[in-house]
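Okay, here's what each chain looks like letter by letter:
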Amino acid sequence: MPVPNQIKSALVSVFHKEGLDEILLKLHREGVELYSTGGTQGFIESLGIPCHSVESLTGYPSILGGRVKTLHPKVFGGILNRRNHAGDHEQIREYDIPAIDLVIVDLYPFRETVASGATEQDIIEKIDIGGISLIRAAAKNFYDVVIVASKAQYAALNEMLTQQGAQSTLEQRRRFATEAFAVSSAYDTAIFNYFDAGEGRCFRQAYDDAKTLRYGENPHQKGVFYGDFDALFKQLQGKEISYNNLLDINAAVDLISEFDELTFAILKHNNACGIASRPTVKEAWEAALAGDPVSAFGGILICNAPIDAAAAEAIDRIFYEVIIAPAYDAEALEILKQKKNRIILIQKQGQTEPLQFRSLLNGVLVQDKDRSIQTAADLRTVTDQAPALQEIEDLLFANKLVKNTKSNAIILAKNKQLYAGGTGQTSRVDALKQAIEKARSFGFDLQGAVMASDAFFPFPDCVEIAHEAGITAMIQPGGSVKDDLSIAYCNKNNVAMVMTGIRHFKH
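Residues numbered from 1 in each chain as written. Predicted model: local features only at pLDDT ≥ 70, side-chain atom pairs only at ≥ 80, totals over all residues. Heavy atoms only, no water.

**Considerations on the state of the cysteines**
Then step 1. By the definition in use, this model includes zero disulfides.
Then step 2. No disulfide involves C273; its sulfur sits 15 Å from that of C303, the nearest cysteine.
Then step 3. Left unpaired, C490 is separated from the closest cysteine sulfur, that of C462, by 11 Å. (Disulfide = S-S within 2.5 Å.)

**Considerations on a nonpolar patch on the surface**
Then step 1. Taken together, the side chains of F203, Y207, V224, Y226, F357, V364 and V366 make up a nonpolar region of the molecular surface, amounting to roughly 570 Å² of accessible area.
Then step 2. When residues of the nonpolar patch are traced back to their parent elements, those giving at least two are β9 (224–226) and β17 (363–368).
Then step 3. Residue position: Y226 is located in strand β9.
Then step 4. Residue Y226 is classed as partly exposed on the basis of its relative accessible area, which comes to 47%. (Patch = residues over 30% accessible without salt bridge, like charges linked within 9 Å, V, L, I, M, F, W, Y side chains within 5 Å. Areas by Shrake-Rupley, 256 points an atom, 1.4 Å probe, with all protein chains shown as cover. Salt bridge = Lys/Arg side-chain N within 4 Å of Asp/Glu carboxyl O. Helix = DSSP H or I, 4+ residues; strand = E, 2+ residues; numbered from the N terminus. Buried < 20%, exposed > 50% of the residue type's maximum accessible area, 1.4 Å probe, protein only.)

**Considering the packing of aromatic side chains**
Then step 1. Per the counting criterion, the structure on display carries 12 aromatic pairs.
Then step 2. Consider the rings of F203 and F357, whose centres lie 5.1 Å apart with planes at 70°: the pair is edge-to-face. One end of the pair, F203, is in the loop between α10 (170–196) and β8 (210–212); the other, F357, is in strand β16 (residues 355–360), with 154 residues separating them in the sequence.
Then step 3. By relative accessible area, F203 is classed as partly exposed at 33%.
Then step 4. With relative accessibility at 31%, the residue F357 sits in the partly exposed group.
Then step 5. These aromatic residues form a ring-pair network of at least three members: F110, Y187, Y194 and F195. (Phe/Tyr/Trp six-rings, centres within 6.5 Å; stacked < 30°, edge-to-face > 60°.)

**Things to note about the sheet that holds strand β2 (residues 9–13)**
Then step 1. As summarised here, the arrangement of the five strands in space is β4-β3-β2-β5-β6, forming an open sheet in which the pairing is parallel. Both edges of this open sheet fall to β4 (52–53) and β6 (146–148), since each of them pairs with a single strand only.
Then step 2. As defined by bridge partners, β2 adjoins strand β3 (residues 33–36) across four bridges and the pair is classed as parallel. From the neighbouring strand, V12 faces β3, where its bridge partner is S36. (Pairing = 2+ DSSP bridges.)

**Focus: helix α16 (residues 428–441)**
Then step 1. Over its 14 residues, α16 runs 20 Å from end to end, which matches the ideal 20 Å to within 8%, given 1.5 Å per residue.
Then step 2. Among the residues making up α16, those that are buried are R428, V429, A431, L432, A435, I436 and A439. Buried residues along α16 cover an arc of 160° about the axis, so they all sit on one side. Turned more than 90 degrees away from the buried face of α16 sit E437 and S441, all of them exposed.
Then step 3. As for α16, its buried residues are in contact with β19 (410–414), β20 (417–422), β21 (450–453) and α17 (461–469).
Then step 4. Looking at where α16 begins, the residue whose side-chain oxygen comes 3.1 Å from the main-chain nitrogen of V429 is S427. (Expected span 1.5 Å × (residues − 1). Arc of directions from axis to C-beta. Contact = heavy atoms within 4.5 Å. Polar contact = N/O pair within 3.5 Å; in protein donor to acceptor, adjacent residues only side chain to side chain.)

**Brief notes about the pattern of salt bridges**
Then step 1. If you walk through the whole model with that rule in mind, you get 15 salt bridges.
Then step 2. The salt bridge partner of D196 is R201, with a shortest N-O separation of 2.8 Å.
Then step 3. Overlapping salt bridges, with partners in common, bring together D196, E199 and R201 in one network.

**Digging into the side chain of R342**
Then step 1. When you line up the elements, R342 lands in the loop between α14 (330–336) and β15 (343–347).
Then step 2. Exposure remark for R342: the relative accessible area of 3% places this residue in the buried category.
Then step 3. Those residues in contact with R342 that lie beyond four places of it in its chain are Q237, G238, D316, I318, Y320, E321, I335 and L336.

**Notes on the pairing of strand β22 (residues 473–476)**
Each regular strand carries side chains that alternate between the two faces of the sheet.
Then step 1. Judged by which residues are buried, β22 turns out to be covered on both faces: A473 and I475 on one side and M474 and Q476 on the other are all buried.
Then step 2. Of the pairings in the sheet, the one linking β21 to β22 comprises three bridges and is parallel in character. Bridge pairing links M451 to M474 in β22.
Then step 3. Strand direction decides the pairing type here: β22 and strand β23 (residues 496–499), joined by four bridges, are parallel. Across the sheet, M474 pairs through a bridge with M497, a residue of β23.
Then step 4. Handedness of the crossover joining β22 and β23 through helix α18 (residues 483–492): right-handed. (Right-handed = clockwise from strand over helix to strand, strands pointing away.)

**Quick notes on the confidence of the model for the protein**
Then step 1. Mean pLDDT over the protein stands at 93; residues scoring 70 or higher make up 100%.
Then step 2. Looking over the protein, one finds the lowest element-wise mean pLDDT in helix α3 (residues 54–58), namely 83, and the highest in β19, namely 98. (pLDDT = per-residue confidence, 0-100.)

**With respect to unusual backbone geometry**
Then step 1. A cis amide bond links S407 to the next residue, N408, at an omega of -10°.
Then step 2. Note that N408 resides in the loop between α15 (389–403) and β19.
Then step 3. If you check the backbone angles, N270 has positive phi at about 75° while not being a glycine.
Then step 4. Relative to the helices and strands, N270 resides in the loop between β11 (263–268) and β12 (271–277).

Have a look at this one:
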């Protein structure tokens, strides 16, 4: 078994000093010699710990407004020299370069500076040069050197010092190096994406906070979520969130974000099986559940208003996997928490990813998220019969739903309630027939209902079938070379049709 390396000297130069004091005191008690720069040196000395300045090591002061502090052979030679390499030993002695066994460094807050809306000059100054170089050097020489590349690793270093004193194993150094390269690659990714400015010259994305899931989409597949789930949600109780839960939660959040008025939705396999807008949460829940009480079993529930006790009592009568809301009354929580495996989430006001990307073939497919939401001003009436005010509201409601439904998709709705959806069919006619049959199976009268389609009607067959079922108004993007045939049928049968000019495929 390899003998642990003794840490005799350390270079500490950090932007974030929270939690560093305990580490520094432990290093000092172990007799570790410290080197540092600027504000970090002052911080170390304020703890009563002696510290050498990097300037005293290199013989050069910090220059160019702090842009050059540690970039010197006496610093990098101390980090990069191979302890078991005779040639390195000879040169270290020749140039009087002290070995550095531990590097604690972090990087200027580049992403935070960009997010703050700072000027380009301020942003450029937050591109770290010395720090990133120290990280790469120490990580490259992990056989001999411990690298702590961000405050996120302070706890691991502190634990190592507590358990082992100023010693490290090769396994520990390699783990720290792995984390360090994750930090440096994410940092460079952020810089590239700033300069790329959305042009997409290359695909570069970096996510931290890896969470290993029980399995992927199926038990024989591995699954990992990369991202800060806690920035968007607070989990109040329930079992561990699964891969499929995350897919459904994402679909639920996308769907509910379309609605300003109080709305409750039930999703299954990323599609809404029930949704309604109503004055109260309980009314919205009951109308949503009526849309498909069978599929609602084991579904994902989401509401854009706080859940009260009256709604919770009604919701509690069925089995579901996840419920999401901005808040819960105390009495409502008491009711909902009775089944311990239920996942109860509070949705926070966080930002979701603006891009969508998926791996396929031998590459990655990237697109902007579909954030287009049509309003009454975007509707172009193309028939003699114009939709009534209630029909316009229902058409806009249905259009939001069809946008968030797997293609080919048809949505039938009335009074801001989903009657039924035709989902993921290879034929738009099949999607419509599926929706009509489903709506009738749950007792809905389609007379006066509206229809939304995610894409244009290539032939008038869908228009004819919908009219015969009782549909009186339709919304679609338009753009077919045979739009005139669908319009002519509507005019002949007093059906209103509006076009948006915006297709909403979802695959």
